[in-house]
Each structure stands twice: as structure tokens, then as C-alpha cells.
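Tertiary structure, described
These are the residues of each chain, in order.
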Amino acid sequence: MKPQNLHTHTTFCDGKNTPAEMAAAAFAAGLGAIGFSGHSPLEGEEWCMAPADLPACRAAVEAEREKYAGRMQVFLGLEQDFFSPPPEGAFDYLIGSVHGLRLDGRLFAVDESPEAFARLADRCGGAEGLLREYYRLLAQTPARTGCDILGHFDLVTKFNEGNRFFDPESPRLRALALEALEALAPRDVIFEVNTGAISRGWRTAPYPAAFLLKEMRRRKARVCITGDSHAADALLTGFGQAKALLEDCGFSSCWYLTEQGFQEGPLPQIP
């Protein structure tokens, strides 16, 4: 089964390459499909798409869909942020994500930088307070966004390799993530195994952590592999690690988007 990458960003938001450049790189890399999932409009946030750019983005993706018809599938998606207004127009799929916490009327990103994470933790009374609020929002994300895929489950660990901010083995902190998973399990969303922090040099392993994936497997949750790719040269970065992690956690299959909707298939063959 060819891999596909449904979590990508272009110059219409905070990506480095155009849809045409991303599609060309995906085809050259042997992907079976690429999905464009620009950040949904969010007032005051420059890393998101501007509402006025949505028609041009849609047209650019449709042009790539036509160009690669019969050779590679091209899908139009959207990464719908928890705090964004409802999306306008039809999309092939939605990724629901929490990128920050809203405090005192302002959005504070959890994934901007280690320094920003530390400041936000201080505002929350410590890392545990930050994680508690993040997972509280994450548990509500499918109901809030109507997403098909839940984005980067434990994004709050992005800058935490080496236990920089908190102990990921802490039963108290793990309980917060597991409580969110308990609430999410009945929603039947697809959980992405996201390699984006690997390609940007912040992590050496994908999201989510193995203990979460093992619990997802126990619950027979659906998963997919994505790159959260912000550049054309990162479309398959970490996919081999993601596949190995899934195998180690007991998965032998994952989910793929097709023209008939999401379907289960064997774990991909990584070029």
C-alpha cells in the first residue's frame, strides 16, 4: 500500500512551498495521495490562512487534482482549529486540532517555541495546569470541529524531549491524556500518527506516545500516518518510524482516504 500524507501546509498559511510544488514532490516520492490541510482562518494569527485566500487555495488544489488525475489522488482538506469559526464550503476531510489555549481573551500557542511554552506554563500555574487545559479542549475537539481526523494528540510534548518541562512518565500527567482519550473514543475519529516535530527537529519520535497508541489499539481506534509537512522535502520524513511505532504497539493496519471515503488498509510500504 502506498503511503499518503493528508496533513500538509503550503504558502497559503505557514508552509514553505506552493500546492503545485508540494504535489510534484509527493508524486516524485511515490505517495498514493496528498491532502492539503491549510490552517483554518483564525483572527489575529498570521500562521493561519486568511479568509480572502480560501477561494485561491481551493482553486490551486483543484488544479493539482486535475493535473494528477489517474496518477495520484489529491484531496482538499482543512486543519480546523478549536477556536476557528465554522469552515465555509465543502472539504474532502477535516483535521481537528488544538494549537493553543485562550486566556484573558488571547490565544497562547502550545507549539510556538520552548520559551513560549514556559511562559504559558507559568500562566497556568505550571506544566500540569497547561496540560490539563489542553486535554480538556482536545476532548471536545471532534464535537466542536466536526473533524474526521484528530490532530497531534499530545502536541504539548513537542518541546519536552529530555523531560525539559515535565516528566512524561508521571501517572498524574498520563491520567490527563488518558481521560481525554476516554472521552474521545466514542467519537470514532481517526487519530493521526504525526511526524511533523521530527521534520522540524524538535522530536525524535512521532506523536502520540506509545502508551497512548497502545490504549488506542486496545480500544480498536482508527489511526493514520501523517507528516504535518510544512515543506516539500518533508513529505515522508519520519514515516518509517511511525510505521515501526504502530507495529510495536500492535497495529497492522491504518486508514486511508479514498474517493469513496476513509478505508482501512495494511500499513504502508515506505519508499
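Above this note sits the structure.
Definitions and cut-offs
Residues numbered from 1 in each chain as written. Predicted model: local features only at pLDDT ≥ 70, side-chain atom pairs only at ≥ 80, totals over all residues. Heavy atoms only, no water. Helix = DSSP H or I, 4+ residues; strand = E, 2+ residues; numbered from the N terminus. Phe/Tyr/Trp six-rings, centres within 6.5 Å; stacked < 30°, edge-to-face > 60°. Buried < 20%, exposed > 50% of the residue type's maximum accessible area, 1.4 Å probe, protein only.

Observations concerning unusual backbone geometry
With an omega of -5 degrees, the peptide bond between Tyr 207 and Pro 208 qualifies as cis. Of note, Asp 188 is a non-glycine position whose phi angle comes to about 60 degrees, a positive value. Within the secondary structure, Asp 188 sits in the loop between helix 5 (171-184) and strand 8 (190-194).

Description of the packing of aromatic side chains
Applying the stated criterion across every chain, the model contains seven aromatic pairs. Relative to Tyr 68, the ring of Phe 27 has its centre 5.5 Å away and its plane inclined at 45 degrees; by these criteria the two rings are tilted. Linking Phe 27 in helix 1 (residues 19-29) with Tyr 68 in the loop between helix 2 (54-67) and strand 3 (73-81), this pair joins segments that are 41 residues apart in sequence. On the basis of relative accessibility, which here comes to 35%, the residue Phe 27 falls in the partly exposed class. A ring pair is formed by Tyr 134 and Tyr 135, whose centres lie 5.1 Å apart and whose planes are at 75 degrees; its orientation type is edge-to-face. Like Tyr 134, the residue Tyr 135 is buried in the burial classification. These aromatic residues form a ring-pair network of at least three members: Tyr 134, Tyr 135, Phe 153 and Phe 191.

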